[in-house]
Amino acid sequence: MTMRHLKTGLAALATTAALGVPAIAVAQDYTIGVSIPAATHGWTGGVNFHAEQAKERLEELHPNISITISTASNPGEQANDLEDLVSLRDIDALVILPFESGPLTDPVRRVKEEGVFVTVVDRGLTQDGISDLYVAGNNHELGRVSGEYIREQLDGEGDIVVLRGIPTVIDDERVEGFQAAIEGSDINILDMQHANWNRDDGFEVMQDFLSRFDNIDAVWAQDDDIALGVIEAVRQAEREDELFIVGGAGMKDIIERVMEGDDLVPVDVLYPPAMIATAMDLTVQHFVSNGPVLGEYILGSPLITEENAEQYYYPDSPF
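Being a predicted model, the structure only gives us computed values, none of them experimental. (Residues numbered from 1 in each chain as written. Predicted model: local features only at pLDDT ≥ 70, side-chain atom pairs only at ≥ 80, totals over all residues. Heavy atoms only, no water.)

Asks: Got a sec to walk through the packing of helix α7 (residues 199-212) against helix α8 (residues 224-236)? Specific residues and values, please.
Replies: Here α7 crosses α8 at 40°, and the two axes come no closer than 7 Å. Between α7 and α8, the angle falls in the class oblique. Remark: the crossing between α7 and α8 carries right-handed chirality. Every residue of α8 that contacts α7 at R199, G202, F203, M206, Q207 and L210 is listed here: D225, I226, L228, G229, V230, E232, A233, V234 and Q236. Broken down by class, the residue content of the contact of α7 with α8 amounts to 8 nonpolar, 4 polar and 3 charged. (Axes fitted to C-alpha atoms, helices over the stretch in contact; angles between N-to-C directions. Helix = DSSP H or I, 4+ residues; strand = E, 2+ residues; numbered from the N terminus. Parallel < 35°, antiparallel > 145°, perpendicular 65-115°, else oblique. Left-handed = near helix turned anticlockwise from the far one by under 90°. Contact = heavy atoms within 4.5 Å. Nonpolar A, V, L, I, M, F, W, Y, C, P; charged D, E, K, R; others polar.)

What follows is the structure, given as structure tokens:
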């Protein structure tokens, strides 16, 4: 409880006592700060959308909860936002998806030292023990589910190419999960290159693969932004009929293709930007529930197929 909340509660109790009214429990107000990257690409655009949706829903459901959202275009800007959330907003809890893990670790630690409940989303900090709650997608599972699908569709043999993301721990975990899933099969990875979770890079890398390999049975694009670039390269090369593409995240453009039964993009694997809403929900529960809300909350990475795609489709989302 902050000093502001303590004074508010004492004043209310004093008033009821002076009026001769029996003291009752007073609803306490809480302020939650949400710090996220600006919508610099598709996935973070989805994060922004779902954060605003969750704010509107949670404030309506809990009148004593106030949520303020700040977006940052770089780590330095996000660190400054954290200082403002503490000094100007007097937040009781912080929900943060760090722009980068390293530069934000000390700023988040300083917030924690102010007695703030801290929820970290997706990109963990470089120091353990700072966050009270960690909410993230399952990167190893995303790779495993993708690899198992490709292995099954190719009956355990064939030539494939892999487009990785940005060289990070997240990318490594996805690739490790994928390789474990195809281990022991006769699936041959012709080449594996970084496409930086970027549509243009995906297009260029796939163009190179198509020029060098006469036979490609499947493509693991790992990410839906990359997948859009891969789709365009494959179409320009007029090789749509010889392969299929597996991306990941749950972008609405890809989900639409899956819903329509597109043979080129038959499935997707979920890594939802809506995880920010999950983190906000759980953080609110810390204040309104009588049960503990601590530890790690790792989301699943289900395979999205034509049969279940509709439940993952958000037509109003920018992602």
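Having seen it, we continue.
Asks: Before we move on, could you go through α8 and cite the residues and values that matter?
Replies: When the terminal C-alpha atoms of α8 are compared, their 18 Å separation across 13 residues agrees well with the 18 Å that a helix rising 1.5 Å per residue should span. For α8, a buried count of 10 out of 13 residues is recorded, marking the element as mostly surrounded by other parts of the structure. Phi turns positive, to about 55°, at E238, one or two residues after α8. (Expected span 1.5 Å × (residues − 1). Buried < 20%, exposed > 50% of the residue type's maximum accessible area, 1.4 Å probe, protein only.)

Asks: Go over the sheet that holds strand β6 (residues 157-164), please, and point to the residues and values.
Replies: One open sheet accounts for 4 strands, arranged β7-β6-β8-β9; its pairing is parallel. Two strands in the sheet have a free side with no partner beyond their single neighbour: β7 (186-194) and β9 (244-246). When the angles between neighbouring strand axes are averaged without regard to direction, this sheet yields 20°. Of the strands in this sheet, β6, β7 and β8 (218-220) are in contact with helix α6 (residues 169-182), which crosses β7 at around 165°. (Pairing = 2+ DSSP bridges.)

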